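# A look at the structure
Take a look at the letters that make up each chain.
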Amino acid sequence: MMHGPVVAQSMTNGETIMASAEIIAPPERVFHALITDEVERWWASCESYRMVDWTADLRVGGRWQVIARTIAGEDHPAGGEFLEIQAPRRIVQTRAYNWDHPTLGRRQTTVAYLLEPIAGGTRLTICHGGFAGLTDAAAEHAEDWGRVLGWLQAYVETGKLAA
């Protein structure tokens, strides 16, 4: 049984990122928050950016896209393809920025989400690979995943954005 919030954790070996959080909600709820336009309601911070214009063709081979809008009003589009969708347990998708990201450029990476039922909720584990040779990008994205998982956890558990 979970005894209060577990802080999201993330790490990288310079090539692959692993991140995880325990969320007090069933896998179906967390899965829905990850693959629908509900992303626009929680993947955000007053200090940095928010996601807008989420679209997805929710099938293997289907495309997804979203825009990260900075607090300065700059739009940074990203997108990819769904490689696996096993509701509510697993999502695998490619991801690439459609702009020149300072540390990653436009390199395509792969994100796998694993949702495991646990007592009182879901353990969400993320494996984000494709950073070989770009250790700065891997470190930056590992830090970001820790923050993003905290946002998701706060939203799913309370219905509000993280502070």
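The sections below set out a description of the structure shown in this document. (Residues numbered from 1 in each chain as written. Predicted model: local features only at pLDDT ≥ 70, side-chain atom pairs only at ≥ 80, totals over all residues. Heavy atoms only, no water.)

### Observations regarding the sheet that holds strand β5 (residues 75-86)
Across the sheet, eight strands lie side by side as β1-β2-β8-β7-β6-β5-β4-β3; this open sheet has antiparallel pairing. Unpaired on one side and paired on the other, β1 (9-12) and β3 (49-56) mark the two borders of the sheet. Recorded for the sheet is a direction-independent mean angle of 20 degrees between the axes of neighbouring strands. Two elements, strand β2 (residues 16-23) and strand β8 (residues 121-129), share eight bridges in a ladder whose sense is antiparallel. (Pairing = 2+ DSSP bridges. Helix = DSSP H or I, 4+ residues; strand = E, 2+ residues; numbered from the N terminus. Axes fitted to C-alpha atoms, helices over the stretch in contact; angles between N-to-C directions.)

### Examining the pattern of salt bridges
Overall, the coordinates contain eight salt bridges when judged by the stated rule. We note a salt bridge from Arg123 to Glu22, for which the minimum N-O separation is 3.0 Å. Of this pair, Arg123 sits in strand β8 while Glu22 sits in strand β2, placing them 101 residues apart in sequence. Overall, the relative accessible area of 19% leaves Glu22 in the buried class. Note that Arg147 is salt-bridged to Asp144, the shortest N-O span being 2.4 Å. Pair noted here: Arg147 and Asp144 are both in helix α3 (residues 135-158), with a separation of three residues, about one helical turn. We classify Arg147 as partly exposed; its relative accessible area is 35%. Judged by relative accessible area, which is 23%, Asp144 ranks as partly exposed. What you see here is one network of salt bridges that share partners, running through Glu143, Asp144 and Arg147. (Salt bridge = Lys/Arg side-chain N within 4 Å of Asp/Glu carboxyl O. Buried < 20%, exposed > 50% of the residue type's maximum accessible area, 1.4 Å probe, protein only.)

### Quick look at the side chain of His76
Take His76: it is sitting in strand β5. In terms of polar contacts, His76 uses its side chain to reach the side chain of Glu74, at 3.4 Å. Residues within four places of His76 in sequence aside, it is in contact with Val66, Ile67, Ala68, Thr70 and Trp99. (Polar contact = N/O pair within 3.5 Å; in protein donor to acceptor, adjacent residues only side chain to side chain. Contact = heavy atoms within 4.5 Å.)

### A look at the environment of His76
By relative accessible area, His76 is classed as buried at 16%. Each C-alpha atom of the pair His76 and Thr94 lies 17 Å from the other, and the pair is 18 residues apart in sequence.

### Observations regarding α3
Between its terminal C-alpha atoms α3 stretches 35 Å, which fits the 34 Å expected from 24 residues at 1.5 Å a residue. One or two positions beyond α3, positive phi appears at Gly159, with a value near 80 degrees. (Expected span 1.5 Å × (residues − 1).)

In short, shape yes, function no, at least from these values alone.
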